[in-house]
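This is what each chain is made of:
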Amino acid sequence: TVSVRMDKQEYAFITRLAQEQNEDVSKALRELVEQGRLMSAIKQYKEGRASIGRAAKLAGISISELLNVLSEFNIPSKLDYEDYEAGLASIKKEW
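Residues numbered from 1 in each chain as written. Predicted model: local features only at pLDDT ≥ 70, side-chain atom pairs only at ≥ 80, totals over all residues. Heavy atoms only, no water.

**Notes on the overall build of the protein chain**
Convention followed: By the criteria applied, helices consist of DSSP H or I runs no shorter than four residues and strands consist of E runs no shorter than two, each listed in order from the N terminus. For the radius of gyration, the atoms used are the C-alpha atoms, and the globule rule reads 2.2 Å times the number of residues raised to 0.38. Where accessible areas are quoted, they stem from the Shrake-Rupley method and a 1.4 Å probe; at the residue level, only the protein chains shown are allowed to cover.
A count of helical and extended segments in the protein chain gives 5 helices and 0 strands. In the protein chain, the succession of α and β elements from N to C terminus is α-α-α-α-α. Relative to a compact globule of 95 residues, whose C-alpha radius of gyration would be 12 Å, the protein chain shows 17 Å and is clearly more extended. Along the first, second and third principal axes, the C-alpha atoms of the protein chain reach 50 × 30 × 25 Å. By element, 52% of the accessible surface of the protein chain is carried by carbon and sulfur atoms, the whole surface being about 7600 Å².

Dropping the structure here:
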């Protein structure tokens, strides 16, 4: 459990969002944090500050899931040799 301080406007926004989605405030806040992680990861990847693997870790999703999200946002992937090697190593671990 974590306590978070926010101003009244932010709390009102989260409360309205929770009501619209028929959720409790905690769940709505968790979903916003997840979306924020994803958007931060996409931004860092798009700006070249994170590889596809690092961006996926930041977002808390797999590389293939991130590639799907990038595609949905029409963001071209910039896979490089390092990303290819990391993916290959990951596949070898699974097999």
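Past the structure itself, the notes keep going.
**Thoughts on unusual backbone geometry**
Positive phi values are uncommon outside glycine, yet Asn22 reaches one of about 55°. Among the secondary structure elements, Asn22 is positioned in the loop between helix H1 (8–20) and helix H2 (25–46). The backbone of Asn74 sits at a positive phi, close to 55°, despite the residue not being glycine. Residue position: Asn74 is located in the loop between helix H4 (63–72) and helix H5 (81–94).

**Re the environment of Phe13**
If you trace the backbone, Phe13 turns up in helix H1. Separated by 12 residues in sequence, Phe13 and Thr1 place their C-alpha atoms 21 Å apart.

**Considering the nonpolar core**
The cut-off we apply is this: As used here, the term nonpolar core means buried Ala, Val, Leu, Ile, Met, Phe, Trp, Tyr and Cys residues forming a set that is joined through side-chain atoms within 4.5 Å. To sort residues, take the accessible area from a 1.4 Å probe on protein chains only and compare it with the maximum for the residue type: under 20% means buried, over 50% means exposed, and anything in between is partly exposed. Contacts are residue-level and defined by heavy atoms, with any inter-residue pair within 4.5 Å sufficient.
Counting residues in each nonpolar core, the largest one holds 13 residues, and the members touching the most others are Leu38, Ile42, Tyr45, Ile52, Ala55, Leu66 and Leu70. Filtering out sequence-adjacent residues up to four positions away, Leu70 remains in contact with Ile42, Tyr45, Ile52 and Ile75.

**Thoughts on the packing of H2 against H4**
Keep this limit in mind: The angle between two axes is taken between their N-to-C directions and runs from 0 to 180 degrees, where each axis is a line fitted to C-alpha atoms and a helix contributes only its stretch in contact. With respect to orientation, any angle under 35 degrees is reported as roughly parallel, any angle over 145 as roughly antiparallel, any angle of 65 to 115 as roughly perpendicular, and every other angle as oblique. The residue classification treats Ala, Val, Leu, Ile, Met, Phe, Trp, Tyr, Cys and Pro as nonpolar and Asp, Glu, Lys and Arg as charged. All others, Gly included, are polar.
Two numbers describe how H2 lies on H4: the axes approach to 11 Å, and their chain directions differ by 80°. Between H2 and H4, the interaxial angle falls into the category roughly perpendicular. Contact residues: Leu38, Ile42 and Tyr45 in H2; Leu66, Val69 and Leu70 in H4. The residue inventory of the contact of H2 with H4, partitioned by class, reads 6 nonpolar, no polar and no charged.

**A few points about the pattern of salt bridges**
Formally: Here, a salt bridge means any Lys or Arg side-chain nitrogen found within 4 Å of an Asp or Glu carboxyl oxygen.
Here the structure, examined in full by the defined rule, presents 2 salt bridges. As a salt-bridge pair, Glu47 and Lys43 come within 3.9 Å of each other at their nearest N and O atoms. Judged by relative accessible area, which is 44%, Glu47 ranks as partly exposed. Using a relative accessible area of 48% as the deciding quantity, one classes Lys43 as partly exposed. Salt-bridge contacts for Arg49 lead to Glu47; the nearest nitrogen and oxygen are separated by 2.8 Å.

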